[in-house]
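One letter stands for each residue in the lines below.
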Amino acid sequence: MEPHALGAGVAQTMHLFQQRVNKTADIRLTAVGDRLFPVRIDGSPGLDWRRHYDDLSYTLIDTPSDVAKGIRTYMDAFGLTYGAFDFGLDPDGRWWWYVCNPNGQYAWFPDPVTSRIKAAIADELQHPHRDTP
């Protein structure tokens, strides 16, 4: 929707508008302390992959260095030890950041992913890797 097409009703409450990304996949990156767990999510027939869990496949992938640096900067700026970052992956391989949820879920991933995140959380609780405010 173009901004000029918004009606007067939009002024009645808060809104978050995001650019629509021509994406080939989604990425949920779970950050725990200094550890990053990016998972490529394929198979969503629509904009929101959360509506299609049964159609999805999940693959652990590597984090580009510029994305890792940005996540670390964000986490440090907000004093976070945990964050679930959502990205869209475009046809050129660029990651488009949507949101960070400091309480984002992860247990719906397959066990090879979930077990790594759970272990990282347990490690972080026992031996924090950095000071938190």
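For the structure, check the block above.
In this report, the structure presented in the accompanying data block is examined. These numbers come from a predicted model, not from an experiment.

### Brief notes about the overall build of the protein chain
Point 1. Across its full length, the protein chain carries two helices and five strands.
Point 2. The helix and strand sequence of the protein chain, counted from the amino end, reads β-β-β-α-β-β-α.
Point 3. Its C-alpha atoms put the protein chain at 50 × 35 × 25 Å along the principal axes.
Point 4. Considering the protein chain as a whole, with its 133 residues, one finds that 32% of them fall into the buried category.
Point 5. The contacts of the protein chain with a sequence gap of at least 6 include a subset with a gap of at least 24, amounting to 53%.
Point 6. For the protein chain, the computed accessible surface area is about 8,700 Å², with 52% contributed by carbon and sulfur atoms.
Point 7. Mean positive and mean negative side-chain charge positions of the protein chain (13 and 17 charges, respectively) differ by 1 Å.

### Considerations on the environment of R72
Point 1. Locating R72 in the fold gives a position in helix 1 (residues 65–78).
Point 2. R72 sits 69 residues away from P3 along the chain, and the two C-alpha atoms are 33 Å apart.
Point 3. Here the side chain of R72 touches G33 through a polar contact of 2.4 Å, landing on its backbone oxygen.

Parameters and conventions
- Note that residues are indexed from 1 along each chain, following the sequence as it is written.
- Note on the predicted model: pLDDT of at least 70 is required for a residue's local features to be given, and 80 or more for side-chain atom pairs to be given and counted; whole-chain, interface and lining totals, by contrast, use all residues.
- Heavy atoms from the whole structure form the basis of all side-chain values; hydrogens and water molecules are not counted.
- Helix and strand definitions here come from DSSP, where helices need a minimum of 4 consecutive H or I residues and strands a minimum of 2 consecutive E residues; each element is numbered from the N-terminal end.
- Accessibility here uses a 1.4 Å probe with only protein chains present; expressed as a share of the type maximum, an area under 20% marks a residue as buried, one over 50% as exposed, and anything in between as partly exposed.
- Throughout, a contact is declared for two residues whenever any of their heavy atoms are within 4.5 Å.
- To be clear on the numbers: accessible area is Shrake-Rupley with a 1.4 Å probe, and residue cover counts the displayed protein chains and nothing else.
- Only four residue types enter the tally: Lys and Arg on the positive side, Asp and Glu on the negative side; His and the chain ends are excluded.
- Every charge is mapped onto a representative atom, which is NZ of Lys, CZ of Arg, CG of Asp or CD of Glu.
- We call two N or O atoms a polar contact when they sit within 3.5 Å, provided that within protein one can donate a hydrogen and the other can accept it, with sequence-adjacent residues counted only if both atoms are side-chain atoms.

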